[in-house]
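Descriptive analysis of the structure
Single-letter residue listing:
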Amino acid sequence: MVTATSFSVEAIRKEFPILATRLGDKPLVYLDNAATAQKPQVTLDAMDEFWRTSNANIHRGVHHLSQMATAQFDTARETVRRFLGARHAHECLFTKGCTEGINLVAQSYARPRLKPADEILLSTMEHHSNIVPWQLVAEQTGAIVRPIPINDDGEIDLAAYGRLLNERTKIVGLVHISNSLGTINPIKAMIAQAHAAGAVVLIDGAQAGPHLPIDVQDLDADFYTLSCHKIYAPTGMGVLYGKEALLEAMPPYHGGGDMIRTVSFEGSTFAGLPNKFEAGTPNVGGVVGLGATLKWLMALDREEVERHEAELVGYAETLLSDIPGVRLIGKARQKAAIVSFVMDTAHPHDIGTVLDAEGIAIRAGHHCCMPVMERLGVPATARASFGLYNTREEVEALARGVQKVKEIFG
Ligand code: 7TS
């Protein structure tokens, strides 16, 4: 176990078995962390232990195993509360992904409240999962979705944001860190501005979870979503944080077992938080793995991790922009973990394919952010995204790979 004072990338790498993979004679260079991150041994062990010793359904059995599983599940929720700096554990809901959390807010919070001509503001750099759910609810209610413009560097135009906010603005949806550009948005100030206009704010923290310490109370976020598999935890899980008063006032999203108080054919009454929003059997083993992962992450020196990742981004930007014909997309002053780029002569998919042959995994495409691609005038980018286990040597391998692309495509 690495302690808070000893962050070392060499030691961290040993905790991730998959990083020892070789592809032919080349070591795996995994630079697709924004899509999903690899899992440390502590997560694999926690889940293995759970399946071997404690597997049962939760909140149901009086029997020993069910009590063990329930205790571990509840402990993980308390770990999530600490990770997010939430006031109450019951404000942290388990969902099946960041996407589901946003849909839940759109349907359970927004749909009953929005009236025709109410406005939903979303930044142009949102992931589709923070656009489409709002378009669906706008269609259902007559509300209007308005984009907040960004500048050529990939930063939100704050003056335009100020002008767009008005008494009809009911919801603001903002990505904390952009998955296509790496921009870190100034969400604390933007949340305060939205509140002054009477709007409620949902922050999409899918990319922030692995890279920044989060404090939802300090941010004063109304809703905040996480994508657990990007935070080194298992797939199939997200977290939706919501302020207690907002969640209390919202109807259930899904109906089923474990979310009710009473059921009869005349009607049903619902359980309190968090169960009201967690119908059916949850991903118990995954949640146990999530708890172990977040404890592990919080025990690291997060400032050192941030510094390390910032150094990787800076180094990659320097090496890539030295290659003629390479253009960086997204030059925000505040950036994290992501370097997007295009080349004069090669399509991003060709870049991805040549790099793959070198053992280097990146993502090529629009990254589920078509509006930002359109705004910046590119159909797609090649994207290297870093995790805490990546190294300067891997950045150099990326730059060598891109040189090779240049040699092949001219
Ligand atoms: N929001 C952002 C900012 C994201 O980056 C993603 C996934 C999501 C929401 C959706 O998360 P999910 O866990 O519910 O799927 N982003 C990416 C990506 O950049 N490459 O693959 C998935």
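What you see is a predicted model; the values in this text were computed from it and never measured.

Residues in close proximity to the ligand total 17 residues, the closest being Thr 99, Asp 204, Ser 227, Arg 363 and Arg 383. Ser 227 is positioned with one of its side-chain polar atoms (N or O) 2.7 Å from an oxygen atom of the ligand. Within the side chain of Arg 363, a nitrogen or oxygen atom sits 2.6 Å from a nitrogen atom of the ligand. When residues of the shell around the ligand are assigned to domains, at least three map to each of domain 1 (9–35 + 301–409) and domain 2 (45–298).

A word on the sheet that holds strand β14 (residues 338–343). Spatial strand order, β13-β14-β17-β16: four strands in an open sheet with antiparallel pairing. Across the chains shown, the open sheet's two edge strands, defined by having one partner strand only, are β13 (326–329) and β16 (363–365). Across this sheet, the average inter-strand angle for adjacent strands is 30°, counted without regard to direction. Both β13 and β14 contribute to a ladder of four bridges, which runs antiparallel. Along β14, the bridge assignment pairs Val 326 with Met 343. The strands touched by helix α14 (residues 392–409) within the sheet are β13, β14 and β17 (381–385), with β14 carrying the most contacts at an inclination of about 15°.

We now examine the packing of aromatic side chains. For the structure shown, the criterion picks out eight aromatic pairs. When the centroid spacing of 5.7 Å and the interplanar angle of 70° are considered together, the rings of Phe 16 and Trp 296 count as edge-to-face. Remark: Trp 296 occurs in helix α10 (residues 284–299) and Phe 16 occurs in the loop between α1 (9–14) and β1 (22–23); sequence separation between them is 280 residues. Just as Phe 16 is buried, Trp 296 falls in that class too. Between Tyr 232 and Trp 296, the ring centres sit 5.9 Å apart and the planes meet at 75°, which makes this aromatic pair edge-to-face. Taken as a pair, Tyr 232 in the loop between β9 (223–227) and β10 (238–242) and Trp 296 in helix α10 lie far apart in primary sequence, 64 residues in all. Of the two residues, Tyr 232 and Trp 296, both sit in the buried class. By way of ring pairs, the aromatic residues Phe 16, Tyr 232, Trp 296 and Tyr 389 are connected into one cluster.

Side chains of Ile 260, Val 263 and Phe 270 sit close together on the surface and give an oily, nonpolar patch of about 250 Å² of accessible area. Among the secondary structure elements, Ile 260 is positioned in strand β11 (residues 260–264).

What follows covers helix α4 (residues 98–110). Since the α-helix turns once every 3.6 residues, residues separated by three or four places project in the same direction. Counted at 1.5 Å a residue, the expected span for α4 with its 13 residues is 18 Å, and the 17 Å between its end C-alpha atoms agrees. Among the 13 residues in α4, eleven count as buried, and that is most of the element.

In this section: the nonpolar core. Counting 74 residues, the largest nonpolar core has Leu 84, Val 172, Tyr 224, Val 239, Leu 290, Leu 388 and Tyr 389 as its most contacted members. Counting residues per element, this core draws most heavily on α10, which supplies seven residues. With near-sequence residues (within four places) excluded, Leu 290 lies in contact with Val 80, Phe 94, Cys 228, Ala 233, Pro 234, Met 237 and Val 239.

Spatial strand order, β4-β10-β9-β8-β7-β5-β6: seven strands in an open sheet with mixed pairing. Of all strands in the sheet, those bounded by a partner on one side alone are β4 (92–95) and β6 (144–148). Sheet twist, expressed as the average angle between the axes of neighbouring strands with direction ignored, equals 20°. Relative to strand β8 (residues 200–204), strand β7 (residues 169–175) runs parallel, the two being bridged by five bridges. By the bridge assignment, Val 172 is partnered in β8 with Val 201. Docked against the sheet, helix α7 (residues 187–196) engages β7 and β8, running at close to 155° with respect to β8.

Right, let's get into the domain arrangement of the protein chain. Taken domain by domain, the protein chain comprises domain 1 (9–35 + 301–409) and domain 2 (45–298). Once you take the C-alpha centre of each, domain 1 and domain 2 turn out to be 28 Å apart. Contact residues are listed per partner, giving 34 residues for domain 1 and 32 residues for domain 2. With both sides pooled, the region where domain 1 packs onto domain 2 buries about 2,800 Å², and carbon together with sulfur makes up 55% of that total. Between the two partners, domain 1 and domain 2, sit two salt bridges.

What follows covers the UniProt feature "domain: Aminotransferase class V" (unreviewed entry) in the protein chain. Residues annotated in UniProt with the feature "domain: Aminotransferase class V" (unreviewed entry) correspond here to residues 29–398. Secondary structure across residues 29–398 divides into 39% helix and 18% strand, with the first and last C-alpha atoms of the span separated by 8 Å.

Cut-off values and rules
Residues numbered from 1 in each chain as written. Predicted model: local features only at pLDDT ≥ 70, side-chain atom pairs only at ≥ 80, totals over all residues. Heavy atoms only, no water. Near = heavy atom within 4 Å. Polar contact = N/O pair within 3.5 Å; in protein donor to acceptor, adjacent residues only side chain to side chain. Domains from an automatic or database assignment. Pairing = 2+ DSSP bridges. Helix = DSSP H or I, 4+ residues; strand = E, 2+ residues; numbered from the N terminus. Axes fitted to C-alpha atoms, helices over the stretch in contact; angles between N-to-C directions. Contact = heavy atoms within 4.5 Å. Phe/Tyr/Trp six-rings, centres within 6.5 Å; stacked < 30°, edge-to-face > 60°. Buried < 20%, exposed > 50% of the residue type's maximum accessible area, 1.4 Å probe, protein only. Patch = residues over 30% accessible without salt bridge, like charges linked within 9 Å, V, L, I, M, F, W, Y side chains within 5 Å. Areas by Shrake-Rupley, 256 points an atom, 1.4 Å probe, with all protein chains shown as cover. Salt bridge = Lys/Arg side-chain N within 4 Å of Asp/Glu carboxyl O. Expected span 1.5 Å × (residues − 1). Core = buried A, V, L, I, M, F, W, Y, C linked by side-chain atoms within 4.5 Å. Buried area = accessible area lost by both parts, 1.4 Å probe. UniProt positions renumbered as here; feature names shortened; annotations may be inferred.

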